[in-house]
Protein chains: 2
Amino acid sequence: MNIKHYIGIDIGGTSTTVGLVSKAGKIVDRSIILIQDYASGPIEPFLDAMADAITELSEKHQVEISGIGIGAPNGNFYRGTIEYAPNMPWKDVHEVAPYLENKLGIRSVLTNDANAAAIGEKQFGVAKDFDDFILITLGTGLGSGIVAGGNVIYGHDGFAGELGHAIVVPDGRNCTCGRKGCLEAYVSIRGLLETYHELADDKVNTPQDIAAKAQAGDPNAIETFRKTGEWLGLKLADAATYTSPEAIIFFGGIAQSSDLFFPALKETLETNVHNLYRNKIKILKSGLPLNDAAVLGSTALVM
Amino acid sequence: MNIKHYIGIDIGGTSTTVGLVSKAGKIVDRSIILIQDYASGPIEPFLDAMADAITELSEKHQVEISGIGIGAPNGNFYRGTIEYAPNMPWKDVHEVAPYLENKLGIRSVLTNDANAAAIGEKQFGVAKDFDDFILITLGTGLGSGIVAGGNVIYGHDGFAGELGHAIVVPDGRNCTCGRKGCLEAYVSIRGLLETYHELADDKVNTPQDIAAKAQAGDPNAIETFRKTGEWLGLKLADAATYTSPEAIIFFGGIAQSSDLFFPALKETLETNVHNLYRNKIKILKSGLPLNDAAVLGSTALVM
């Protein structure tokens, strides 16, 4: 039990991955917990399932755990809590890192899932040489991790980087946060499906369905991704004025279809951005394997 | 000549103040240079006038200058340049800090005027206890200095914090930057005058004129400030999602009329901000005397 390892946890709206990670940054083993198995009750049995998974991974591989890093939606770095996460079954405020730290006696640190991805990208991915960048996660929601001067911006209350809840269409679509016109209501799994269904009569179930149609030449599917790129470009032109990033990096399932929305994104960004930033911002896809980045990012929190 | 002092320079669209500042942060003396005296020629005679003012102040008070701090519109911290400043007579890119450093042999540091004001506010004003705040300067333009985790955000290229050039009204008023609908086109001296003249038939020349009318009960003047607060509130609700500030601080002539636009600003901000940030952000007026803050902020750059 003397080889030090770390635990990286990626809490998502659908499933949670508990990864055992070596000092060298290799994911040795992982355990998956399905949110739906715990969604109808309080959060504690879900947290206990995470603790059990950690203990099992540690015993199975005969390694000591030096720290637990957790990425979670609406995660609060300062308090180790998940707070008012619209895409999780547990509303209000829930202590996660303190719960695991108390139960297991292992230092536990939690942050926003997008912040964790940004840290992972800087440590292991395409952001190695960037001190100023924005990482955007495209999944159930739209998350963002903002790095400025080499540091993740947490803000006063630990909630900085909620670019998904900047308004892109005044009085637009209803957002899960209760307001109207947030970027996330347009650019996310749900947003993409809604955009497609506004244009087309047939029904699709996933962004992958729309991407397949677009690759096959379906004009509504192509237009769905074009509009997606346009909405992103508009808000990223604004985002540039705040933190002047060297790069904006896209992460998550939808980012795999970057060929379909990067051209419109880049065109809209360059048209709308202040000339101080024009033709300076790199638009990139994550450099990490989709299944590993969130776990590695969470791990990097405690390394 | 052995008592160490600093020079703080505030370069503005109308005039430039060269201040001699003691180690204790007291402005000992100042020299004013009018931009119009140099506007028709190249920038070098203007820079030479600053260098002469520094030498004169140093000789007059028999003090050694330990450093020169400069706040300037579109100032670039990394390069010490003023770049593409729409409200200055010299367009393109001009080396300012390197020029003074070469000429005088004194370490010279330059940044955006709003960043300088933010540093001044943190060192000497109402932001002493804040590590995460946004300072907004309301003058010829709308500038912003963003402090996150105790550090000014400069961004990749030294131009972070151009909140005045985030779009508040898509396809709206023409902005001096060449685009349409920027916040600065609505909230600035020019913006306030334009808003008033859209509502009223009589002519006013300054925001102070409008403020006086509003104080006297003129409904168009009251509405001008109310709309100003509304536009600010809308964009600040977005700004909160980027850096989650503890406070937003207003600086400059128009900020003196805060009673006239803070109520609408606060209402619009709280209505439009994500619930993670609701009722958490302090809206404050600068705690520094209008004529000193920019010079003290610039000085703090080299202290």
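Visitor: Could you give an account of the packing of helix H3 (residues 113–124) of chain A against helix H8 (residues 293–300) of chain A, with specific residues and numbers?
Guide: In a packed pair of helices, the relevant descriptors are the angle between the two axes and the axis-to-axis distance. Residue and element names in this part refer to chain A. Where H3 contacts H8, the axes come no closer than 7 Å and their chain directions differ by 85°. What the angle tells us is that H3 and H8 run roughly perpendicular. For the pair formed by H3 and H8, the contact residues are Asp113, Ala116, Ala117, Ile119, Gly120, Glu121, Gln123 and Phe124 on the first element and Ala293, Ala294, Leu296, Gly297, Ser298 and Ala300 on the second. Classifying every residue of the contact of H3 with H8 by side-chain character gives 8 nonpolar, 4 polar and 2 charged.

Visitor: Residue-level account of unusual backbone geometry, with values.
Guide: Residue and element names in this part refer to chain A. Even without being a glycine, Asp92 presents a positive backbone phi close to 60°. Looking at the element boundaries, Asp92 is found in the loop between strand S6 (81–83) and strand S7 (93–95). According to the C-beta neighbour criterion, Asp92 is exposed, with 10 such atoms within 10 Å.

Visitor: Can you tell me about the sheet that holds strand S12 (residues 247–251) of chain A, naming the residues and giving the values?
Guide: Think of a sheet as strands paired side by side through backbone hydrogen bonds, with each pair either parallel or antiparallel. Residue and element names in this part refer to chain A. Spatially, 5 strands are ordered S11-S10-S9-S12-S13 in an open sheet, and the strand pairing comes out mixed. The sheet is open, and its two edges are formed by strand S11 (151–152) and strand S13 (282–285), each paired on a single side. Where S12 meets S13, 4 bridges bridge the pair, whose relative direction is parallel. In the strand pairing of S13, Ile248 is matched with Ile283.

Visitor: An account of the relation of the copies chain B and chain A is needed here, citing residue identities and associated values.
Guide: When chain B is fitted to chain A, the best match, at an RMSD of 0.0 Å, comes from turning it 180° and sliding it 0.0 Å along the axis. The superposition of one copy onto the other is thereby described by a two-fold rotation axis. Of every C-alpha in chain B, the one belonging to Tyr242 of chain B sits nearest the axis of rotation, 3.8 Å from it. Of all interface residues in chain B, 100% are interface residues in chain A too; the two copies therefore contact each other through one and the same surface.

Visitor: Go over the interface of chain B and chain A with me, naming the residues and quoting the values.
Guide: Across the contact, 35 residues belong to chain B and 36 residues belong to chain A. For the side of chain B that touches chain A, the per-class residue count stands at 16 nonpolar, 13 polar and 6 charged.

Visitor: Run through helix H7 (residues 258–272) of chain B, naming residues and quoting values.
Guide: All names here are of chain B. Taking 1.5 Å of rise per residue, the 15 residues of H7 would be expected to cover 21 Å, and the 20 Å separating its terminal C-alpha atoms lies within 8% of that figure. Taken residue by residue, H7 has Leu260, Phe261, Phe262, Ala264, Leu265, Thr268, Leu269 and Asn272 as its buried positions. On the buried face of H7, the contacting elements are helix H5 (207–215), helix H6 (219–243) and strand S13 (282–285).

Visitor: Describe the domain arrangement of chain A, listing the residues and the values that go with them.
Guide: Residues and elements named next belong to chain A. Partitioning chain A into domains gives domain 1 (4–116 + 292–300) and domain 2 (127–285). Inter-centroid distance (C-alpha atoms) of domain 1 to domain 2 is 26 Å. Opposite the 13 residues of domain 1 that make contact, domain 2 presents 15 residues. For the side of domain 1 that touches domain 2, the element with the most residues is H3, which contributes 3 residues. The residue inventory of the side of domain 1 that touches domain 2, partitioned by class, reads 6 nonpolar, 5 polar and 2 charged.

Visitor: Quick rundown of the pairing of strand S8 (residues 108–112) of chain A? Include the residues and the values.
Guide: Along any regular strand, the residues point their side chains to alternate faces of the sheet. All names here are of chain A. Burial analysis of S8 places 4 of its 5 residues in the buried class, the great majority of the element. Where strand S4 (residues 64–72) lies against S8, 5 bridges are found, and the strand directions are parallel. By the bridge assignment, Ile68 is partnered in S8 with Ser108.

Visitor: Provide a residue-level description of the confidence of the model for chain A, including the pertinent values.
Guide: Summing up the model confidence of chain A, the mean pLDDT is 93 and the portion of residues at 70 or higher is 99%. Complex prediction metrics read pTM 0.88 and ipTM 0.85.

Visitor: Break down the sheet that holds S7 of chain A for me, with residues and values.
Guide: Residue and element names in this part refer to chain A. The antiparallel open sheet is built from 3 strands, whose spatial order is S5-S6-S7. Both edges of this open sheet fall to strand S5 (75–76) and S7, since each of them pairs with a single strand only. Looking at chain direction, S6 and S7 are connected through 3 bridges and run antiparallel. Along S7, the bridge assignment pairs Glu83 with Val93.

Visitor: An account of the packing of H6 of chain B against H7 of chain B is requested, with residue identities and associated values reported.
Guide: Residue and element names in this part refer to chain B. The geometry of H6 relative to H7 is characterised by a closest axis approach of 7 Å and an angle of 35° between their N-to-C directions. In terms of crossing hand, the pair formed by H6 and H7 is right-handed. Residues Phe225, Arg226, Thr228, Gly229, Glu230, Leu232, Gly233, Leu234, Leu236 and Ala237 of H6 form the contact with H7, whose participating residues are Leu260, Phe261, Phe262, Pro263, Ala264, Leu265, Lys266, Glu267, Thr268, Leu269 and Asn272. Partitioned by chemical class, the residues of the contact of H6 with H7 number 12 nonpolar, 5 polar and 4 charged.

Reading the values: rules and limits
Numbering of residues starts from 1 in every chain and runs along the sequence as written. Ligands are numbered from 1 and chains lettered from A, in the order in which they are written. Note on the predicted model: pLDDT of at least 70 is required for a residue's local features to be given, and 80 or more for side-chain atom pairs to be given and counted; whole-chain, interface and lining totals, by contrast, use all residues. Every axis corresponds to a line fitted to the C-alpha atoms, with the helix fit spanning only the stretch in contact, and the corresponding angles, defined between N-to-C directions, vary from 0 to 180 degrees. Comment: elements are numbered from the N terminus, with helices defined as DSSP H or I runs of at least four residues and strands as E runs of at least two. Oblique is the label for every angle not falling under 35 degrees (roughly parallel), over 145 degrees (roughly antiparallel), or within 65 to 115 degrees (roughly perpendicular). By definition, residue pairs are in contact when their C-beta atoms, positioned from the backbone, come within 7 Å. Charged residues are taken to be Asp, Glu, Lys and Arg, nonpolar residues to be Ala, Val, Leu, Ile, Met, Phe, Trp, Tyr, Cys and Pro, and polar residues to be all remaining types, Gly included. Exposure is read from a count of other C-beta atoms within 10 Å of each residue's own; the residue is exposed at 12 or fewer, buried at 20 or more and partly exposed in between. C-beta atoms are placed from the backbone. Strand pairing is assigned whenever DSSP detects at least two bridges linking the two strands. Residues reaching a pLDDT of at least 70 in both copies supply the C-alpha atoms on which the copies are superposed by least squares. In a helix, the anticipated span is given by 1.5 Å times the number of residues less one. Boundaries of every domain are those given by an automatic assignment or by a domain database. Every residue carries a pLDDT, the predictor's confidence in it, which falls somewhere between 0 and 100. Two helices cross in a left-handed way if the nearer one is turned anticlockwise from the farther one by less than a right angle. They cross in a right-handed way if the turn is clockwise.

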